[in-house]
Structures are given as structure tokens and as C-alpha cells.
Amino acid sequence: MTKLDPIIAVKNVAASADWYCGLFGFHNVHGDDHFAILNSPENETVLCLHAWGTDEHPTMVDQDIPTGNGLLLYFRTNDWQTIRNRLDRIGWAIEEDVHQNPNSRKQEFSFRDPDGYFITVTESHHYEG
């Protein structure tokens, strides 16, 4: 079995963990000042948050490099409408409003997290060849 645990560098691990948990319903199963592990309600690791400049990881040293260049955090979920409503309630800026993706034929929308990472949330679906 192979799994991917994406790790993104953030300015404030606790604040980012709270934001993701509040928005997506994740649980912070390991959190301190420089690293957090966010799990889904089904207890699957979804995202890890790492403080900039700690542990000397080569891609997490220089905060001045554009945030997330080439990275898209793409969440497939049954709760996409709930997440969109939560963003409305907190007045969060939406980059691309709800629309049908012509490839997946599913509803999706996009926005940025507090550190500037680009996020797309889409209806749950399986990839088809």
C-alpha cells in the first residue's frame, strides 16, 4: 500500500490547523508549534502543516518563494456545499465560484487558504480513464 501525506509550509501552524479543521471538519491528531497532522472524520490523514524554516527541509526554508507555485490542493468531498456555505459565513474570498467542471462534470469552486495556497473543492467522484 502506498499513501501520500501532503505537507505544506505555513506561517502559523495552529491558526492554519484551526482554519482547515473548522472548514473541512478535519481533526488535528498531532499538533504543536511547528507541525500538525489533519485527519478526515474517517481518520485518514489528509494534510500536514509544517512551520516555515524549521527542520531544514529544502523546500520549506525560504518564505519569499511564491506560495504553492505548481500546487493545487484538490479536495473531492460529499460535503462540498457545506464547505462553500462555511466560506460564505466567514466572508472568505472565492477565486472561482461554483461551476460545472467540463472534464469531471462535477460541481466545484476555488479559493485560497490563509497562506495563499490554491484550493479547489469538488463533488466527490472517482477518476475515470
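The paragraphs below set out a description of the structure included in this document. (Residues numbered from 1 in each chain as written. Predicted model: local features only at pLDDT ≥ 70, side-chain atom pairs only at ≥ 80, totals over all residues. Heavy atoms only, no water.)

### Structural notes on the pattern of salt bridges
Where charged atoms from two side chains of opposite charge approach closely, those side chains can pair. To be explicit about the condition: A carboxyl oxygen of Asp or Glu within 4 Å of a side-chain nitrogen of Lys or Arg is what we treat as a salt bridge. Each helix corresponds to a stretch of at least 4 residues labelled H or I by DSSP, and each strand to a stretch of at least 2 residues labelled E; elements are numbered beginning at the N terminus.
If you walk through the whole model with that rule in mind, you get four salt bridges. The shortest N-O distance in the salt bridge between Asp97 and Arg84 comes to 3.0 Å. A residue pair is termed long-range when its members are at least 10 positions apart, and Asp97 in strand β6 (residues 94–100) and Arg84 in helix α2 (residues 80–89) qualify at 13 residues. Overlapping salt bridges bring together Arg84, Asp88 and Asp97 as one network.

### Observations concerning helix α1 (residues 13–24)
The test is simple: Multiplying 1.5 Å by the residue count of a helix minus one yields the expected span of that helix. Here the term buried applies to any residue with accessible area under 20% of the maximum for its type, exposed to any over 50%, and partly exposed to those in between, with areas from a 1.4 Å probe on protein chains only. Between N or O atoms, a polar contact is any pair within 3.5 Å; within protein, one atom must be a potential hydrogen donor and the other a potential acceptor, and residues adjacent in sequence are included only when both atoms are from side chains.
The end-to-end C-alpha distance of α1, which contains twelve residues, comes to 16 Å, matching closely the 16 Å that a straight helix rising 1.5 Å per residue would cover. Taken together, the buried positions of α1 are Val13, Ser16, Ala17, Trp19, Tyr20, Cys21, Leu23 and Phe24. Regarding α1, its N-cap is Asn12, as a side-chain oxygen of that residue lies 3.2 Å from the backbone nitrogen of Ala14 further along. Phi for Gly25, located one or two positions after α1, is positive at around 80 degrees.

### Some details on the packing of aromatic side chains
For clarity, the cut-off: The rule is short: rings of Phe, Tyr and Trp, with Trp giving its six-membered ring, pair when the centres are within 6.5 Å, and they are stacked under 30 degrees, edge-to-face over 60, tilted in between.
Counted under the stated rule, the structure contains eight aromatic pairs. On the numbers, 6.1 Å between centres and 15 degrees between planes, the contact of Tyr20 with Phe24 is stacked. Placement of both Tyr20 and Phe24 in helix α1 is noted, with a separation of four residues, approximately one turn of the helix. Considered together, Tyr20 and Phe24 belong to a single accessibility category, that of buried residues. Note on Phe24 and Phe26: the rings are 5.1 Å apart at their centroids and 10 degrees apart in plane angle, and the pair reads as stacked. Taken as a pair, Phe24 and Phe26 share a single burial class, namely buried.

### Quick look at the sheet that holds strand β1 (residues 7–10)
Heads up, the condition is: In this scheme, strands are said to pair when DSSP sees at least two bridges between them. Only the stretch in contact is used when a helix axis is fitted, and all axes are lines through C-alpha atoms; the angle between N-to-C directions ranges over 0 to 180 degrees. Residues count as neighbours in contact if any of their non-hydrogen atoms are within 4.5 Å of one another.
If you trace the four strands from one edge of the open sheet to the other, you get β1-β4-β3-β2, paired in mixed fashion. In this open sheet, the two edge strands, each paired with only one partner strand, are β1 and β2 (27–31). Pairs of neighbouring strands in the sheet enclose a mean axial angle of 25 degrees, with direction left out of account. Inspection of the sheet shows strand β3 (residues 35–39) paired to strand β4 (residues 45–51) by five bridges, in the antiparallel sense. Within the sheet, the bridge partner assigned to Leu38 lies in β4 and is Leu47. Contacting β1, β2, β3 and β4, α1 runs over the sheet at an angle of about 155 degrees to β4.

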